[in-house]
Amino acid sequence: MAKAPKVLILNGPNLNMLGKREPDVYGRESLSDIEAKSRKHGEGLGLSVECRQSNSEGELIDWIQAARDDQDALIINPGGYSHSSIAIMDALLASALPVIEVHLSNIHRREAFRHHSYVSKVADAVLCGFGSYGYLMALDALALRLNAQQET
């Protein structure tokens, strides 16, 4: 029996405040609700899903770098670091892993500074505006890709 592909979901700054912070923009679900749904959905797809959140850019970079050795793919909601962190972009490039960027809100319908994402430049795909469903969509896409790789 093949080992379940491992997907690391990383959430950046302020996502620990989901359900409390601007629920009209980000929804009423907590991050722990989203993580639980993501783990359950991933399990149904044959994936092993690990979730982490940090408000620290350096910690996110450390996790991305470590993922190169023990993960098969990354899903990242970099929060505000999307628009400012060349360092996270570079770490994702160095990871050489499939990456899907997720945003709960449609960043292109918001303030102009949110329209640019350094992470989008290196992500294999970007999902925004689907709320927490975007995480499940990202897992679906990665399951197709990772399971196809295992079959070859």
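Residues numbered from 1 in each chain as written. Predicted model: local features only at pLDDT ≥ 70, side-chain atom pairs only at ≥ 80, totals over all residues. Heavy atoms only, no water.

Draft legend 1. Quick look at the nonpolar core. One finds Val-7, Leu-47, Ile-75, Tyr-135 and Leu-142 to be the most contacted residues of the largest nonpolar core, which totals 21 residues. At the level of elements, strand E1 (6-11), helix H2 (31-44), strand E2 (48-53), strand E3 (73-77), strand E4 (99-103) and helix H5 (133-151) are the ones that each hand at least two residues to this core. A per-element tally of this core places H5 first, with 6 residues. The residues touching Val-7, leaving out its near neighbours within four places in the chain, are Leu-47, Ser-48, Val-49, Glu-50, Gln-71, Ala-73, Ile-75, Leu-139, Leu-142 and Leu-146. If you look at the next biggest cluster of nonpolar residues, it comprises 19 residues, including Ile-76, Ala-91, Leu-92 and Val-122. (Core = buried A, V, L, I, M, F, W, Y, C linked by side-chain atoms within 4.5 Å. Buried < 20%, exposed > 50% of the residue type's maximum accessible area, 1.4 Å probe, protein only. Helix = DSSP H or I, 4+ residues; strand = E, 2+ residues; numbered from the N terminus. Contact = heavy atoms within 4.5 Å.)

Draft legend 2. View of the sheet that holds E2. Across the sheet, which stays open at both edges, the 5 strands sit in the order E2-E1-E3-E4-E5 with parallel pairing between neighbours. The two strands at the open ends of the sheet, each matched to only one other strand, are E2 and strand E5 (125-128). For this sheet, the mean inter-axis angle between neighbouring strands, taken without regard to orientation, is 20°. Across 5 bridges, E1 lies against E3 in parallel orientation. Bridging across to E3, Leu-10 finds its partner in Ile-76. Relative to E2, H2 is tilted by about 165°, and along the sheet it contacts E1 and E2. (Pairing = 2+ DSSP bridges. Axes fitted to C-alpha atoms, helices over the stretch in contact; angles between N-to-C directions.)

Draft legend 3. Focus on the pattern of salt bridges. Across all of its chains, the model carries 4 salt bridges by this definition. We note a salt bridge from Lys-37 to Glu-29, for which the minimum N-O separation is 2.8 Å. Since its relative accessible area comes to 35%, Lys-37 is described here as partly exposed. (Salt bridge = Lys/Arg side-chain N within 4 Å of Asp/Glu carboxyl O.)

Draft legend 4. Main features of the packing of helix H3 (residues 57-70) against helix H4 (residues 86-95). Where H3 contacts H4, the axes come no closer than 8 Å and their chain directions differ by 10°. The pairing of H3 with H4 is recorded here as roughly parallel in orientation. On H4, the residues that touch Glu-57, Leu-60, Ile-61, Ile-64 and Arg-68 of H3 are Ala-87, Ile-88, Ala-91, Leu-92, Ala-94 and Ser-95. Residue classes in the contact of H3 with H4 are distributed as 8 nonpolar, 1 polar and 2 charged. (Parallel < 35°, antiparallel > 145°, perpendicular 65-115°, else oblique. Nonpolar A, V, L, I, M, F, W, Y, C, P; charged D, E, K, R; others polar.)

Draft legend 5. Quick peek at the pairing of E4. With respect to burial, E4 is a largely interior element, 5 of its 5 residues being buried. With burial as the criterion, each face of E4 is covered, one bearing Val-99, Glu-101 and His-103 and the other bearing Ile-100 and Val-102. In this structure, E3 lies alongside E4, joined through 3 bridges in parallel fashion. Looking at the pairing, Ile-75 lines up with Ile-100 of E4. As a crossover connection, the stretch from E3 through H4 into E4 is right-handed. Of the strand pairs in this sheet, E4 and E5 are connected by 4 bridges, and their pairing is parallel. Along E5, the bridge assignment pairs Ile-100 with Ala-125. (Right-handed = clockwise from strand over helix to strand, strands pointing away.)

Draft legend 6. Quick look at H3. For H3, spanning 14 residues, the distance from its first C-alpha to its last is 20 Å, which sits close to the expected 20 Å at 1.5 Å a residue. When H3 is considered as a whole, its buried residues turn out to be Leu-60, Ile-61, Trp-63, Ile-64 and Ala-67. Down the axis, H3 shows its buried residues gathered within 160° of arc, on one side only. Buried residues belonging to H3 abut E1, E2, E3 and H4. (Expected span 1.5 Å × (residues − 1). Arc of directions from axis to C-beta.)

Just geometry here; none of it tells us what the structure is for.
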